[in-house]
Amino acid sequence: MTGASQKPRAIDHRDPEPATGNDTYIVRTRIPPDIVCPSWCTTGPRQHIGELSAHDGGVVHRGDLRSLGPSSCMTIRPFAASLVDGSVDPDDPGVHLDLTRDGDGPITLDEAMAVAEELAAIVRQLTKSCP
Ligand SMILES: [Zn+2]
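Just so it is clear, the structure is predicted and the values come from calculations on it, not from any experiment.

### Some details on unusual backbone geometry
Phi is mostly negative for residues that are not glycine, and the peptide bonds are mostly trans. Its identity is not glycine, yet D56 carries a phi of approximately 55°, on the positive side. Assignment of secondary structure puts D56 in the loop between α1 (45–51) and β3 (59–62). Judged by the 12 C-beta atoms lying within 10 Å of it, D56 is exposed. The phi torsion at S72 lies on the positive side, around 55°, for a residue other than glycine. Take S72: it is sitting in the loop between β4 (66–68) and β5 (74–82).

Okay, structure coming up:
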């Protein structure tokens, strides 16, 4: 995909550079796009639309922040980039997990097992809901 690696540029009638057919353009419009989200996305459409310029016209979907383990020692939030129509972002395909841990002390094996089981359940759920 040759056009995806090029930086998008706004259409400017004064632009002396001829179009090559592989150019990517930024189109400004007053009509908000219909954004297609995966089933697990909890980001609202207003937030998606507000972030379009920060993500070069793409969308970053985020799921709920969930605690893991009996002491909630870890949190997880799924996220994925896509184009506005829900198709895969060729520069960043797949669903990712933002996994953070509270504190820096050790955890017990029982707690680690609980975290692993909950994490596996979340990953299975995400895998089922992703094409
Ligand atoms: Zn979304």
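### Some words on the pairing of β5
Here β3 pairs with β5 via four bridges, running antiparallel. When the bridges of β5 are listed, V59 appears paired with S82. Hairpin remark: β4 followed by β5, antiparallel, with five residues in the connecting loop; positive phi at G69, about 90°.

### A look at the environment of F79
Relative to the assigned elements, F79 resides in strand β5. A C-alpha to C-alpha distance of 6.2 Å links F79 and L97, two positions 18 residues apart in sequence. In this structure F79 touches V60, H61, R62, H96 and D98, once residues within four positions along its chain are discounted.

### Things to note about the environment of G58
With respect to the helices, strands and loops of the structure, G58 is situated in the loop between α1 and β3. Assessed through the 16 C-beta atoms surrounding it within 10 Å, G58 is described here as partly exposed. When the C-alpha positions of G58 and V88 are compared, they lie 10.0 Å apart, and in sequence the two are 30 residues distant. Leave out the neighbours within four places in its chain, and G58 touches A81, S82, L83 and D89.

### Describing the confidence of the model for the protein
The predicted model of the protein has a mean per-residue pLDDT of 84, with 78% of residues at 70 or higher. For the protein, per-element mean pLDDT is lowest for strand β1 (residues 9–10), which scores 56, and highest for β3, which scores 96.

Rules and cut-offs
- Residues numbered from 1 in each chain as written.
- Predicted model: local features only at pLDDT ≥ 70, side-chain atom pairs only at ≥ 80, totals over all residues.
- Helix = DSSP H or I, 4+ residues; strand = E, 2+ residues; numbered from the N terminus.
- Buried ≥ 20, exposed ≤ 12 C-beta atoms within 10 Å, placed from the backbone.
- Pairing = 2+ DSSP bridges.
- Contact = placed C-beta atoms within 7 Å.
- pLDDT = per-residue confidence, 0-100.

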